[in-house]
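Examining the three-dimensional arrangement
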Amino acid sequence: MPMTKSIVAFAGSTSSTSINRRLVLYTLREFKEYSVQILDLNNFEMPLYSADREKMIGIPAQAYAFREHMMQSDGIVCSLAEHNRSYTAAFKNVLDWCSRVDMNIYANKPMLLMSTSPGKLGGQGVLEIAKAYFPRCGAQIAATFSLPLFHQNFGENGILEQTLRTDHTAAVQRFRQSVESA
Ligand SMILES: Cc1cc2nc3c(=O)[nH]c(=O)nc-3n(C[C@H](O)[C@H](O)[C@H](O)COP(=O)(O)O)c2cc1C
C-alpha cells in the first residue's frame with residue numbers, strides 16, 4: 001500500500017472571514033484522499049520581529065512549529081492575501097521569524113501558490129513577490145493561481161467563471177503530480 005500523502009495548507013491572512021482561506025478550503029476539496037491540515041496564522045502570532053527582540057527573547061516557539069509543519073508535509077497549499085501590493089504584516093512577521101530558524105522554511109516541498117482579492121488583479125502583486133522569493137526559502141513552486149474579483153467569481157460551490165475554474169483545475173493537477181512524484 002502506498003503511504004497516504006500529507007498536505008499542509010494556510011492562508012496568508014488572520015481574518016476570520018478570509019477569502020484566501022475560502023480559496024484554500026475549496027482547493028483542499030480536491031485532495032480528499034490525502035491527509036490534510038490547515039493552519040491558522042492566528043496560532044502563529046509572535047511579537048513584531050526586531051533584531052533587539054530576538055536578542056532579548058530568542059526565536060518564539062511558533063516559528064519552529066510553523067517550519068516543522070512544512071517539514072512534515074509532502075506538499076504545501078497556500079493563498080496569500082494582498083495588503084498594499086504585498087504580504088500582510090501578519091504573514092510577513094511569520095516569514096521573518098521563520099527565516100531566523102532556517103532560510104529553508106518550506107523544506108524543499110512542492111507548493112501550490114495562490115492569491116485572491118476582491119479587486120481585478122486578484123492579489124497578483126503579492127503572488128509575484130512570493131513567486132520570486134519563496135524558492136529562496138525552499139519552496140518548489142509547482143503551480144500558481146490567482147483569482148480576481150473574488151466576490152463575483154466565487155460562490156457556494158466554488159469558482160463560478162469557467163476559464164478560471166479550468167485554470168485552477170490545471171494548477172491543482174500540476175501540484176498533485178509534483179506531490180505524487182516527490
Ligand atoms: C490595509 C489593506 C490593504 C489592501 N491592499 C490591497 C491591495 O494592494 N490589493 C488588493 O487587491 N486588495 C487590497 N486590499 C483588499 C484585500 O485584498 C481584502 O481585504 C481581502 O479580503 C484580503 O484577503 P483576506 O480576506 O484573505 O484577508 C487591502 C486591504 C487592506 C485592509
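Residues numbered from 1 in each chain as written. Predicted model: local features only at pLDDT ≥ 70, side-chain atom pairs only at ≥ 80, totals over all residues.

**Some points on the sheet that holds strand S3 (residues 75–80)**
Backbone-to-backbone hydrogen bonds join strands into a sheet, with any given pair of strands oriented parallel or antiparallel. Note the following rule: When DSSP finds two or more bridges between a pair of strands, those strands are recorded as paired. In this text, helices come from DSSP runs of H or I with a minimum length of four residues, and strands from runs of E with a minimum of two, each type numbered from the N-terminal end. Between the N-to-C directions of two axes lies an angle of 0 to 180 degrees, each axis being a line fitted to C-alpha atoms and, for a helix, fitted only over the stretch in contact. We call two residues in contact when the distance between their C-beta atoms, placed using the backbone, is within 7 Å.
One open sheet holds the 5 strands; their spatial order is S2-S1-S3-S4-S5, and the pairing between them is parallel. Looking at strand neighbours, the two that pair on one side only are strand S2 (35–39) and strand S5 (140–147), the edges of this open sheet. Across this sheet, the average inter-strand angle for adjacent strands is 15°, counted without regard to direction. Strand direction decides the pairing type here: strand S4 (residues 110–116) and S5, joined by 7 bridges, are parallel. For Met 111, the partnering residue across the bridge sits in S5 and is Ile 141. Set on the sheet, helix H7 (residues 162–181) makes contact with S3, S4 and S5; between it and S5 the angle comes to about 165°.

**Some words on the nonpolar core**
Definition in use: Definition of nonpolar core: a set of buried Ala, Val, Leu, Ile, Met, Phe, Trp, Tyr and Cys residues joined via C-beta atoms within 7 Å. Backbone-placed C-beta atoms define the burial measure: a residue is buried with 20 or more other C-beta atoms within 10 Å of its own, exposed with 12 or fewer, and partly exposed in between.
With 43 residues, the main nonpolar core has Cys 78, Leu 80, Met 111, Leu 112 and Leu 113 as its most contacted residues. Sort the elements by how many residues they give to this core and strand S1 (residues 6–12) lands first, with 5 residues. Residues within four places of Leu 113 in sequence aside, it is in contact with Cys 78, Leu 127, Ala 130, Lys 131, Phe 134, Ile 141 and Thr 144.

**Focus: the packing of helix H3 (residues 61–72) against helix H4 (residues 89–101)**
Inclusion rule: Should an angle fall under 35 degrees it is called roughly parallel, over 145 degrees roughly antiparallel, and 65 to 115 degrees roughly perpendicular, with every other angle called oblique.
At their nearest, the axes of H3 and H4 sit 9 Å apart, and the two run at 85° to each other. Between H3 and H4, the angle is such that the two are roughly perpendicular. For the pair formed by H3 and H4, the contact residues are Ala 63, Tyr 64, Phe 66 and Arg 67 on the first element and Val 94, Trp 97, Cys 98, Arg 100 and Val 101 on the second.

**Some remarks on the pairing of S2**
Every other side chain in a regular strand lies on the same face of the sheet, so the side chains alternate between the two faces. Here S1 runs beside S2; their pairing, made up of 5 bridges, is parallel. Bridge assignment links Val 8 to a residue of S2, and that residue is Gln 37.

**Things to note about H7**
In plain terms, the rule: In this analysis, the expected span of each helix is defined as 1.5 Å times one less than the number of residues it contains. Throughout, the arc means that of the directions going from the helix axis to the C-beta atoms.
With 20 residues, H7 ought to run about 28 Å at 1.5 Å a step, and its terminal C-alpha atoms sit 29 Å apart, in line with that. Residues of H7 that are buried: His 168, Val 172, Phe 175, Arg 176 and Val 179. One side of H7 carries all its buried residues, which in axial view fall inside an arc of 105°. Residues Gln 162, Thr 163, Thr 166, Ala 170 and Ser 181 are exposed on H7 and point more than 90 degrees away from its buried face. Along its buried surface, H7 packs onto helix H1 (19–28), S3, S4, S5 and strand S7 (158–159).

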